[in-house]
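Below, each chain spelled out in residue letters.
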Amino acid sequence: MSGAAGGGGSPGILFRCDGSSVIGMGHVVRCSVLAQALKSRGCDVGFVMRELSGRADDFIRSAGFPIEVMAGPASEENAPLTETDRARTADAARRSQARCLVVDHYGASSGYLRYMKDQGITIAVIDDLADRELTAADWLLNQNLGAASLAYRTRPDCVRVLEPPYALLRPEFGIARKRLARKFGPDDRCVLLTFGGGETAQLCAEVMEALNDVPGLDVRCALGGEDAASMAQLMAWADLSINGGGSTCWELCCLGVPMVILTLAPDQAPNASALERQGCALSLGEWRPESGARLAVLVEHLLADPERRAAMSRTSRALVDGSGAERAADSLMALAGR
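What comes next is a walk through the structure. Just so it is clear, the structure is predicted and the values come from calculations on it, not from any experiment.

Moving on, we come to the overall build of the protein chain. Along the backbone of the protein chain there are twelve helices and twelve strands. In terms of overall dimensions, the protein chain has a C-alpha envelope of 60 × 40 × 35 Å along the principal axes. Scored against the burial criterion, the 338 residues of the protein chain give a buried share of 55%. Across the protein chain, contacts joining residues at least 24 apart in sequence account for 61% of those joining residues at least 6 apart. Working note: accessible area of the protein chain is about 13,800 Å², and carbon and sulfur atoms make up 49% of it. Distance between charge centres in the protein chain, computed from 35 positive and 42 negative side chains, equals 7 Å.

Throughout the structure, instances matching the rule amount to two aromatic pairs. On the basis of an interplanar angle of 15° and a centroid distance of 5.0 Å, the ring pair of F15 and F47 is categorised as stacked. In this pair, F15 is assigned in strand β1 (residues 12-17) and F47 in strand β2 (residues 44-51), connecting sequence segments 32 residues apart. The two residues F15 and F47 agree in class, both being buried. Between the aromatic rings of F47 and F65, the centroid separation amounts to 5.5 Å while the plane-to-plane angle is 45°, which identifies the pairing as tilted. Remark: F65 occurs in the loop between α2 (56-62) and β3 (67-71) and F47 occurs in strand β2; sequence separation between them is 18 residues. Accessibility classification places F47 together with F65 in one group, the buried group. A network of ring pairs unites the aromatic residues F15, F47 and F65 as a single cluster. Geometry around F65 places K39 over its ring, the cationic atom sitting 5.4 Å from the centre. A cation over a ring is seen here: R86 above Y115, with NZ or CZ 4.2 Å from the ring centre.

Let's shift gears to the packing of helix α3 (residues 83-95) against helix α4 (residues 110-117). Each packed pair of helices is defined by two parameters, the angle between the axes and the distance between the axes. Interaxial distance between α3 and α4 falls to 10 Å at its minimum, and their mutual angle equals 30°. The angle between α3 and α4 places the two elements in the roughly parallel class. Taken as a pair, α3 and α4 cross one another with a handedness that is right-handed. Along the contact surface, α3 presents D85, R86, A87, T89 and A90, while α4 presents G111, Y112, Y115 and M116. Residues that form the contact of α3 with α4 fall into these classes: five nonpolar, two polar and two charged.

A separate point is the sheet that holds strand β11 (residues 259-263). In spatial order, the strands read β9-β8-β10-β11-β12; together these five strands make up an open sheet with parallel pairing. Since the sheet does not close on itself, it has two edges, and those belong to β9 (218-222) and β12 (281-286), each with one partner. Averaged over all adjacent pairs, the angle separating strand axes in this sheet is 15°, with direction ignored. Bridging between strand β10 (residues 240-243) and β11 involves three bridges; their strand directions are parallel. What sits directly across from I242, in β11, is V260.

Consecutive side chains of a regular strand alternate in pointing toward one face of the sheet and then the other. With respect to burial, β11 is a largely interior element, five of its five residues being buried. Burial along β11 is two-sided: the face carrying M259, I261 and T263 and the face carrying V260 and L262 are both buried. Between the parallel elements β10 and β11, the chain passes through helix α8 (residues 248-254) in a crossover that is right-handed. Of the pairings in the sheet, the one linking β11 to β12 comprises five bridges and is parallel in character. In the strand pairing of β12, M259 is matched with A281. Between the parallel elements β11 and β12, the chain passes through helix α9 (residues 269-278) in a crossover that is right-handed.

Before going further, it helps to examine the state of the cysteines. Working definition of a disulfide: a covalent bond connecting the sulfur atoms of two cysteines. Inspection of the entire model under this criterion finds one disulfide. For C204, the disulfide goes to C221, at an S-S distance of 2.0 Å. On the sign convention where negative is left-handed, the bridge of C204 and C221, at about 50° about the S-S bond, is right-handed. On the criterion of sequence distance, the pair formed by C204 in helix α6 (residues 201-210) and C221 in strand β9 is long-range, its members being 17 residues apart. By relative accessible area, which is 3% here, C204 ends up buried.

The rules we used
- Residues numbered from 1 in each chain as written.
- Predicted model: local features only at pLDDT ≥ 70, side-chain atom pairs only at ≥ 80, totals over all residues.
- Heavy atoms only, no water.
- Helix = DSSP H or I, 4+ residues; strand = E, 2+ residues; numbered from the N terminus.
- Buried < 20%, exposed > 50% of the residue type's maximum accessible area, 1.4 Å probe, protein only.
- Contact = heavy atoms within 4.5 Å.
- Areas by Shrake-Rupley, 256 points an atom, 1.4 Å probe, with all protein chains shown as cover.
- Lys, Arg positive; Asp, Glu negative; His and termini not counted.
- Charge placed at Lys NZ, Arg CZ, Asp CG, Glu CD.
- Phe/Tyr/Trp six-rings, centres within 6.5 Å; stacked < 30°, edge-to-face > 60°.
- Lys NZ or Arg CZ within 6 Å of the ring centre and 35° of its normal.
- Axes fitted to C-alpha atoms, helices over the stretch in contact; angles between N-to-C directions.
- Parallel < 35°, antiparallel > 145°, perpendicular 65-115°, else oblique.
- Left-handed = near helix turned anticlockwise from the far one by under 90°.
- Nonpolar A, V, L, I, M, F, W, Y, C, P; charged D, E, K, R; others polar.
- Pairing = 2+ DSSP bridges.
- Right-handed = clockwise from strand over helix to strand, strands pointing away.
- Disulfide = S-S within 2.5 Å.

Shown next as structure tokens:
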């Protein structure tokens, strides 16, 4: 890994995350957002990632962070992190003099985290699931709605930063939010399709075919990382979004875009349900081609009901203000700098 994560006396922070065209880019994107906020506060930041297909390592390099790339397994599943992986990560932390390791990975077991903790490193975990013991964690972030009610197994002194006030969004969403004056009317026809950073072209095609039954729509499909730079503009343009239940939801909330959520992975289901209960979205459930007729009806009814969409927009904007990365960085910096 070129560069150092702990030079110059400032807190050195190392991130361990993965992303690809198959497993998606959500973990990588939110880590890079937190990393940028930490860097702006004087932290030296680096990344350790597996070598997988897609643009994950290029994305991190283009953001200006040093990165060490390890060989990935034959499968591109979000596979458990191995003993070799943890040894390489621990070595990278020693060489970069990192005081803190941020792990955003479902494959990081409690044993993996404990091993890293035993190296004398502060352990920070970004999580969505509360599906494993996290007693090695010194700091825990879960940006999802309902996170505070999950039965996390942590130490009493673990710092927890939970719920959408800590949503990790790129700065352009906060900027777009300040400039945006939303109005909703019965003639609104602008629909955005966005399903994350994986391989979504086929899904976009299926959804667009389903929407052929709704007359007069102006539909735009954001294909993963290709449209990442213009995502805030696309969301500001949209009268309605059809999207997955991952991190994109918090970007849409920040800009007050009413949502129809398609559950694209099991871990998205709680988020989709919580956002529907809160009044920010309608959840279609797991997407299947036969879901198309129901989707078309939902879209037509929502576009014809500007008062309902305006209420969804107000509720969404109240949840996420675009400053979550700043709050999270301040919290983690205080811990890492002790």
